[in-house]
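# Survey of secondary and tertiary structure
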Amino acid sequence: MPEGTLRVVRVKLSGWQRDATVVTDMGSPIARRQHNRFSCGGVEQPVALWSGDGSLELFSLPSLNGTPVVEALTAIIDPGPEIYEFDERAWCLLPE
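Residues numbered from 1 in each chain as written. Predicted model: local features only at pLDDT ≥ 70, side-chain atom pairs only at ≥ 80, totals over all residues. Heavy atoms only, no water.

## Considering the pairing of strand 3 (residues 47-50)
For a regular strand, the rule is simple: side chains alternate between the two faces of the sheet. Spelled out, the test is: For the exposure calls, accessible area comes from a 1.4 Å probe over protein chains only, and a residue counts as buried if that area is under 20% of its type's maximum, exposed if over 50%, partly exposed in between. Strands are runs of DSSP state E lasting at least two residues, helices are runs of H or I lasting at least four, and both sets are numbered from the N terminus onward. Two strands are said to pair when DSSP picks up at least two bridges between them.
Of the two faces of strand 3, the one holding V47 and L49 and the one holding A48 and W50 are both buried throughout. Two strands pair when backbone bridges link them, and strand 2 (residues 21-23) and strand 3 are joined in this way by three bridges, in the parallel orientation. Of the residues in strand 3, the one forming a bridge with V23 is L49. Sheet analysis places strand 3 next to strand 4 (residues 56-59), joined by four bridges and oriented antiparallel. Considered in strand 4, the bridge of L49 is made with E57. Count of turn residues in the strand 3/strand 4 antiparallel hairpin: five residues, of which G52 carries a positive phi of about 85°.

## A look at the nonpolar core
Defined as follows: To define a nonpolar core, start from buried Ala, Val, Leu, Ile, Met, Phe, Trp, Tyr and Cys residues and group those joined through side-chain atoms within 4.5 Å. What makes two residues a contact is simply this: any of their non-hydrogen atoms within 4.5 Å.
By size, the foremost hydrophobic cluster in this structure holds eight residues: V8, V11, L13, W16, A20, A48, W50 and L56. Only strand 1 (5-13) and strand 3 provide two or more residues apiece to this core. With three residues, the single largest contributor to this core is strand 1. The contact partners of V11, leaving out residues within four places of it in the chain, are W16, D19, A20, V22, A48, L56, L58, A72 and L73. With five residues, the next largest nonpolar core counts V23, A31, V47 and L49 among its residues.

## A few points about the confidence of the model for the protein
Cut-off, in case you're wondering: Residue-level confidence of the predictor, termed pLDDT, takes values from 0 up to 100.
The pLDDT averaged across the protein works out to 86; a share of 94% of its residues lies at or above 70. The secondary-structure element of the protein with the lowest mean pLDDT is strand 4, recorded at 88, while strand 2 shows the highest, at 94.

## Remarks on the pattern of salt bridges
Counted only if it meets this: Any Lys or Arg side-chain nitrogen found within 4 Å of a carboxyl oxygen on Asp or Glu counts as a salt bridge.
Counted under the stated rule, the structure contains two salt bridges. Where R10 meets D19, a salt bridge forms, and the shortest distance between an N and an O atom there is 2.7 Å. With its nearest N and O atoms 2.9 Å apart, the salt bridge here joins E71 to K12. Residue E71 is located in strand 5 (residues 70-77), and its partner K12 is located in strand 1; the two are separated by 59 residues in the primary sequence.

## A look at the environment of L73
On the secondary structure map, L73 appears in strand 5. Look past the residues within four positions of L73 in its chain and what remains in contact with it is M1, V8, R10, V11 and L56.

Structure follows, in structure tokens:
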């Protein structure tokens with residue numbers, strides 16, 4: 001993940017039926033289950049572990065369709081002190 005990533009909001013790989021559940025507590029039961037191939041998230045209940053250290057671990061059973069591709073990844077990033085970025089697409093959301 002890029003430097004300054006504060007939170008991962010959404011992640012989905014091709015072949016997954018839904019977005020992953022993003023887990024931040026590495027000691028939680030769901031996080032611990034991901035390291036066992038029999039209890040890790042599958043394509044129906046994928047799991048992403050975000051520890052805040054810059055890496056995002058995705059857990060799903062191997063796909064028969066080849067290497068998965070990231071379909072969606074949304075994160076909240078702090079670009080630095082006193083810097084604000086405005087998404088131009090938001091202009092249409094402001095009242096006239």
